[in-house]
Amino acid sequence: MDILQMMVQAILFILPSYFANSIPVLLGGGAAIDGGRKLADGGRVFGDGKTVRGFFAGILAALLIGSLQAVFLPGTAWDIYGGNSATYVYAGLLLGVGTMIGDLAGSFIKRRQGVARGKQSVILDQLTFLIVALAFAYPVASRLITVEAIVFLAILTYFAHVSANVIAHRWGLKKVPW
Ligand code: CTP
Ligand code: MG
C-alpha cells in the first residue's frame, strides 16, 4: 500500500475520534464526572474539566461522524470498511467511547502527578485518548491499525491538537492556548 493511501485511510478512520475529542470544548460544562471527589493523594479524581455532558457529547459526536461516513463512503474510493455501512457506525461508537475514556485516563494521571486542571501535559493531553481509541476500535479496524498508521496518527494528532488549541484560544473558546 502506498504511503499516501495509508495516510488518507488513517485520517478517515480517526475522524470520529478527533470530533469526540474537540466537541466537549464547545458542548461540555455542568456537573463534573467525579462529582468533586478527591482521592487519598488530595487530588481530584478527574477534575472540573471532565463533565458528564462533555463525555456524552463526545461519544455522540463520534457516532454522528461514523454514521455520516456510513452514508457517504461505502462504494467510493474513500471506502475503508469494504462497503459495510454498519462497520462505520460501530467504529464511530467504539472510537467515541475509547476517546472519552482515554481522555479521562489522561486527566486521572495528570491529577495523580499534581498537574492542575487545564495545565498542559504533552503526551497525556494528545496521545492518551488516541491510544485508547485505537485499542477500542481494534476489533473492527485491525486492518487499518498498522504500525505505520499508528506512527502517522501519533504525529498528526500531536500537531492537530496543538494547532486546534491555538485556534480555539484565538476564537475565545479556550482560556489557554493548549
Ligand atoms: N470537557 C468536558 N467534558 C469532558 C472533556 C472535556 O466538559 N469529558 C470540556 C471542558 O470544558 C474542558 C474542555 O472541554 O475544560 C477542554 O478539555 P481538556 O483539554 O481535555 O480538559 P482540561 O480542562 O484541559 O482539563 P485536564 O487538565 O483534566 O486535561
Ligand atoms: Mg486541556
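Scope of this entry: the structure provided in the associated data block. This is a predicted model, so every value here is computed, not measured.

Structural notes on a nonpolar patch on the surface
Taken together, the side chains of Val25, Leu26, Leu27, Ile167, Trp171 and Leu173 make up a nonpolar region of the molecular surface, amounting to roughly 620 Å² of accessible area. The dominant element in the nonpolar patch, judged by the number of residues it contributes, is helix H1 (residues 3-27), at three residues. Relative to the elements of secondary structure, Trp171 occurs in the segment after helix H5 (147-170). The class for Trp171 is exposed, based on a relative accessible area of 67%.

Description of the nonpolar core
Grouped together as the largest cluster of nonpolar side chains are 25 residues, with contacts concentrated most on Phe13, Ile14, Ile80, Tyr81, Leu134 and Leu153. Those elements that provide at least two residues to this core are H1, helix H3 (85-112), helix H4 (124-141) and H5. With near-sequence residues (within four places) excluded, Phe13 lies in contact with Ile80, Tyr81, Leu95, Leu134, Ala137, Ala141, Leu144, Ile145 and Leu153. Phe46, Phe55, Ala62 and Leu104 belong to the second largest nonpolar core, which has eight residues in total.

Considerations on the environment of Leu130
Along the chain, Leu130 turns up in helix H4. Expressed as a C-alpha distance, the spacing of Leu130 and Ile65, which sit 65 residues apart in the sequence, is 17 Å. The contact partners of Leu130, leaving out residues within four places of it in the chain, are Ile14, Leu153, Ala154 and Thr157.

A closer look at the pattern of salt bridges
According to the stated counting rule, one finds five salt bridges in the structure shown. Asp41 is the partner of Arg112 in a salt bridge, and the nearest nitrogen-oxygen pair spans 2.5 Å. Here Arg112 is found in helix H3, whereas its partner Asp41 is found in the loop between H1 and helix H2 (52-72), with 71 residues between them in sequence. The salt bridge partner of Lys110 is Asp125, with a shortest N-O separation of 2.8 Å. Placement of the pair is Lys110 in helix H3 and Asp125 in helix H4, with a sequence separation of 15 residues. Each of the two residues, Lys110 as well as Asp125, counts as buried. Ionic contacts of the salt-bridge type, sharing partners, join the residues Asp34, Arg44 and Asp48 into one network.

Section: the site of ligand 1
With respect to spatial proximity, 20 residues lie near ligand 1, and among them Lys50, Thr51, Ser107, Arg111 and Gly118 are the closest. At 3.1 Å, a backbone N or O of Gly49 approaches a nitrogen atom of ligand 1. In this structure, Lys50 approaches ligand 1 through a side-chain N or O atom, which is 2.6 Å from an oxygen atom. Isolated, ligand 1 exposes 570 Å² of accessible area, and the fraction of that covered by the protein chains is 85%. In a pocket analysis with a 2 Å cut-off to the grid points, ligand 1 is assigned to the largest pocket. Among the secondary structure elements, those contributing two or more residues to the shell around ligand 1 are H1, H2 and H3. No other element matches H3, which puts five residues into the shell around ligand 1. Residue composition of the shell around ligand 1, by class: six nonpolar, seven polar and seven charged.

A few points about the side chain of Thr51
Take Thr51: it is sitting in the loop between H1 and H2. One polar contact links the side chain of Thr51 to the main-chain amide nitrogen of Gly54, over a distance of 3.0 Å. Leave out the neighbours within four places in its chain, and Thr51 touches Gly28, Gly29, Gly30, Ala31, Ala32 and Ile33.

Focus: the side chain of Lys50
Position of Lys50 among the secondary structure elements: in the loop between H1 and H2. Taking the relative accessible area as the measure of exposure, Lys50 reaches 15% and is therefore buried. Within the structure, the side chain of Lys50 is placed 3.1 Å from the side chain of Ser107, a separation counted as a polar contact. Apart from the residues lying within four places of it in its own chain, the contact partners of Lys50 are Ala32, Ile33, Asp103, Leu104 and Ser107.

Thresholds, definitions, all that
- Residues numbered from 1 in each chain as written.
- Chains lettered and ligands numbered in written order.
- Predicted model: local features only at pLDDT ≥ 70, side-chain atom pairs only at ≥ 80, totals over all residues.
- Heavy atoms only, no water.
- Patch = residues over 30% accessible without salt bridge, like charges linked within 9 Å, V, L, I, M, F, W, Y side chains within 5 Å.
- Areas by Shrake-Rupley, 256 points an atom, 1.4 Å probe, with all protein chains shown as cover.
- Salt bridge = Lys/Arg side-chain N within 4 Å of Asp/Glu carboxyl O.
- Helix = DSSP H or I, 4+ residues; strand = E, 2+ residues; numbered from the N terminus.
- Buried < 20%, exposed > 50% of the residue type's maximum accessible area, 1.4 Å probe, protein only.
- Core = buried A, V, L, I, M, F, W, Y, C linked by side-chain atoms within 4.5 Å.
- Contact = heavy atoms within 4.5 Å.
- Near = heavy atom within 4 Å.
- Polar contact = N/O pair within 3.5 Å; in protein donor to acceptor, adjacent residues only side chain to side chain.
- 1 Å grid on protein atoms, 1.4 Å probe; cavity = no way out; pocket = protein on both sides within 12 Å on 5 of 7 lines; lining within 4 Å.
- Sits in = over half its atoms within 2 Å of the grid points.
- Nonpolar A, V, L, I, M, F, W, Y, C, P; charged D, E, K, R; others polar.

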